[in-house]
Each structure stands twice: as structure tokens, then as C-alpha cells.
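Tertiary structure, described
Take a look at the letters that make up each chain.
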Amino acid sequence: MIPRVRCITVCVLGAALTACGTAGAGRPAPAASPSPAGPPVLAPGPGGLTPVFEHGPRTRGKTVALTFDADMTADQGPRAASGEHFDNPGLIGALRTLKVPATVFMTGRWADQYPAEARDLGHDPQFEVANHSWSHYAFTADCYGLPTVDADGMRADVQRAYTSLRTAGVPKAMPYFRFPGGCYDQRALRALSGLGVTAVQWDVVSGDAFATDADAVVEQVLDGVKPGSVVVMHCTRSAAPTTERVVRTVVPELRRRGYRFVKVSELIGQAGKGR
């Protein structure tokens, strides 16, 4: 999880939700591949490694992508059954009211638990739904206390998530993947090679995970956003209760500053056109 401090490089895990991890150190993204038949993706890295995207071009206008992780771990079904809310309809409603396009990184476990909400998001052109693994287990060791997936299971976990999204009724899940906790290494990138996904990180940590002070989260986001930024937030009431209030404050202020909200796919599509 991300503590409520003005920091965009450190995450601290909470038991229920691991939001993020560490944004990369400003490495340039590979050029975007033209994809007339589908969404833009980044070209594979050396040796076919899964490419990693952190933010869009800084010089192509004031665009910003709000992203929301819809997290559930593999073992949280009983907690949901007992009444804990891992969804956030109020947040989705706020985004719709404010007419903010957004990218939702959804675990397969979340789609299994909330198929009607997953289907609704998947059919709404204002949103795009992407892959956040099935289990929300870590793809590296020592990732904020998360259980881990071994190298042989990584590819299967991502594929299982896409199956859950299709089963829930998401017609066109995006070829974008967010590592649980944001934790990855060369082994993880190799394990996912050939799946055709672009790994999507971020350059702005909102700090909404387990936050109780919405104003502090707002300040952290507004201080961090730059042209082309990708902001990581959460779509989980139990572990990110302030996010709806944050969005209702951040969106009009960023618009006042001249920013235009876009989906991650638009930023990736711009990646090969100059930074």
C-alpha cells in the first residue's frame, strides 16, 4: 500500500489490497507498434521481453490518464461473502457524471465476484478494462508481503484473468497488464513474453490506499501530475474509501489547469510519436 505521504516511489502493503509499487525511474518507453486491428501496444523489448509503459509523452499537450485497480486476492472471497466491499459503484458513478474516461485494471478474482459490474464497465465506451492478474499474487519475491506466483504460474495467471473477464461479459479486455504491487523483474517480463501485452506502470502514486484524509491524497495527485502522467488509484471501497471524494476534487482542478483526461490506450498510442 501507499502511505499518506507526498511520495511517489514507495508503497507499503496492506493485508487486503496491494495497490501499487514503485514507479520506474523514467526509462523511455519503446515505440508504439501500429495496430490497425486493435489497441496500440508497445514493441517488445530486447529478446522479446514484455515492454513496460510508465507515462506518455511530456511534450504533446496536457493529457493525464486516471487508472483504477479493481483488486481482490485469491483468498478474499469469504470476506466479500461476509459483506466486505471490494467494489466501488459510487466512484464509477462519479467518473460517469464527470465524463472522465478511465482505465480499470481488474483482477480475475474481482470479475468473478462482481460479474455484472465487470460487464457494465466492459460495455461502457468511457472505460477500458485491462488485466491485473487473476490472483493478485506477486510476480516477484518480497513484494510488500504478497504471496507469490512462481515463474511457471505467471503466464497461466494472466491467461486465467482474461478468461474470467470474458466469462463476466467483458467483450474486449485490453492487451495491457499491471503487475500486482507493481513488482516485476526480468524473469517476470520473460514469463509473459509472447502474450502480446504491454505492462503498464505509472508515474504518479495517489496514496489513496487505506487513506482517511482525502485532502492529503488530492494534494499528492495534484503535486505529481505532469503532461502524459499515469495516475494509479483504486476501485475498492474497503481499502480505498476516499477515492470517490478525491476524484470529485482532482478532476475539476486538473481541468482548470488545462488537462485533458484520456485512457491509457491513447497515451500508448502517442508513445511512438515523440516525447
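Each remark here, short or long, concerns the structure printed above.
The structure contained in this document is the topic of the report that follows. Here, residues in each chain are numbered from 1, in the same order as that chain's written sequence. Given that the model is predicted, a residue must reach a pLDDT of at least 70 before its local features are reported, and side-chain atom pairs must reach 80 or more before they are shown or counted; all residues, however, enter totals for whole chains, interfaces and linings. Only hydrogens and water are removed before side-chain values are computed, so all heavy atoms of the structure are retained for them.

**So, unusual backbone geometry**
Positive phi is not limited to glycine here, since Lys99 has a value of about 60°. When you line up the elements, Lys99 lands in the loop between α2 (89-98) and β5 (102-106). A positive phi is found at Asp142, a non-glycine position, where the angle reads about 55°. Among the structural elements, Asp142 can be located in the loop between β6 (127-131) and α5 (151-168). Strands here mean DSSP runs of E at least two residues long; helices mean DSSP runs of H or I at least four residues long; both are numbered from the N terminus.

**Thoughts on the packing of helix α7 (residues 214-224) against helix α8 (residues 243-256)**
At a minimum axis distance of 9 Å, the contact between α7 and α8 shows a crossing angle of 35°. Handedness of the α7/α8 crossing: right-handed. Where α7 abuts α8, its residues Ala214, Val217, Val218, Val221 and Leu222 lie against Arg245, Val246, Thr249, Val250, Glu253 and Leu254. Working convention: axes come from line fits to C-alpha atoms, limited for helices to the stretch in contact. Angles between N-to-C directions cover 0 to 180 degrees. Each crossing gets its hand from how the near helix is turned against the far one by less than a right angle, where anticlockwise is left-handed and clockwise is right-handed. Should any heavy atoms of two residues lie within 4.5 Å, those residues are considered in contact.

**Structural notes on α7**
If you check which residues of α7 are buried, you get Ala214, Val217, Val218, Gln220, Val221, Leu222 and Gly224. Residues of α7 that are buried make contact with β9 (204-205), β10 (229-234) and α8. The term polar contact refers here to a pair of N or O atoms within 3.5 Å; inside protein, the definition further demands a hydrogen-donor-capable atom paired with an acceptor-capable atom, and it admits residues adjacent in sequence only when both atoms are side-chain atoms. Between a side-chain oxygen at the N-terminus of α7 and the backbone nitrogen of Asp215 the separation is 3.1 Å; the capping residue is Asp213. Throughout, exposure labels follow a simple rule: accessible area from a 1.4 Å probe, protein chains only, divided by the maximum for the residue type, with under 20% read as buried, over 50% as exposed, and the rest as partly exposed.

**Here's the deal with the state of the cysteines**
Pairs of cysteine sulfur atoms within 2.5 Å are identified as disulfides in what follows. Considering all chains together, one arrives at one disulfide under this definition. Paired through a disulfide, Cys143 and Cys183 show a sulfur-sulfur distance of 2.1 Å. Between Cys143 and Cys183, the S-S dihedral sits near 80°, and the bridge is therefore right-handed. Placement of the pair is Cys143 in the loop between β6 and α5 and Cys183 in the loop between β7 (176-177) and α6 (186-191), with a sequence separation of 40 residues. Residue class for Cys183 comes out buried when judged on its relative accessible area of 11%.

**A closer look at α2**
Spacing of three or four residues puts side chains on the same side of an α-helix, whose turn is 3.6 residues. The complete set of buried residues in α2 reads Leu91, Ile92, Ala94 and Leu95. What you see down the axis of α2 is that its buried residues fit within an arc of 155°, all on one side. The inward-facing, buried residues of α2 contact β4 (63-70), β5, α4 (115-123), β6, β10 and α8. As used here, the arc is the angular range of directions from the helix axis to the C-beta atoms.

**With respect to the nonpolar core**
Residue types Ala, Val, Leu, Ile, Met, Phe, Trp, Tyr and Cys, when buried and joined through side-chain atoms within 4.5 Å, form a set referred to as a nonpolar core. If you look at the biggest cluster of nonpolar residues, it comprises 57 residues, and the most contacted ones within it are Phe68, Leu95, Met106 and Phe139. Each residue touching Leu95, except ones within four places of it in the same chain, is listed here: Phe68, Val100, Ala102, Gln126, Phe127 and Val247. Listed in part, the 18 residues of the second largest apolar core include Leu42, Tyr176, Trp202 and Ala271.

**Here's the deal with the packing of aromatic side chains**
Here a pair means two rings of Phe, Tyr or Trp (six-membered ring of Trp) with centres within 6.5 Å. Their orientation is stacked below 30 degrees between planes, edge-to-face above 60, and tilted elsewhere. Summed over the entire model, instances satisfying the criterion amount to five aromatic pairs. Where Trp110 meets Tyr114, the ring centres are 5.0 Å apart and the plane angle is 50°; that geometry is what we call tilted. With a centroid separation of 5.5 Å and 50° between ring planes, the pair formed by Phe139 and Phe177 is classed as tilted. Taken together, the residues span a long stretch of sequence, with Phe139 in the loop between β6 and α5 and Phe177 in strand β7 at a distance of 38 residues. Site record: aromatic cluster; members linked through ring pairs are Phe139, Phe177, Phe179 and Tyr184. Above the ring of Trp134, the side-chain terminus of Arg160 is found at 3.5 Å from the ring centroid. Each ring is checked for a lysine NZ or an arginine CZ that lies within 6 Å of its centre and within 35 degrees of its normal; such an atom marks a charge sitting over the ring.

**Considering the pattern of salt bridges**
Here, a salt bridge means any Lys or Arg side-chain nitrogen found within 4 Å of an Asp or Glu carboxyl oxygen. One pass over the full model with this rule turns up ten salt bridges. Between Asp203 and Arg58 there is a salt bridge, with the nearest N and O atoms lying 2.9 Å from each other. Of this pair, Asp203 sits in the loop between β8 (198-200) and β9 while Arg58 sits in the loop between β3 (52-53) and β4, placing them 145 residues apart in sequence. Linking Glu266 and Arg260 is a salt bridge whose minimum nitrogen-to-oxygen distance equals 2.7 Å. In this structure Glu266 comes out as partly exposed when scored by relative accessible area, which is 30%. Note on Arg260: relative accessible area 43%, which makes it partly exposed. Counted as one network, the salt bridges with shared partners bring together Arg96, Asp120 and Asp124.

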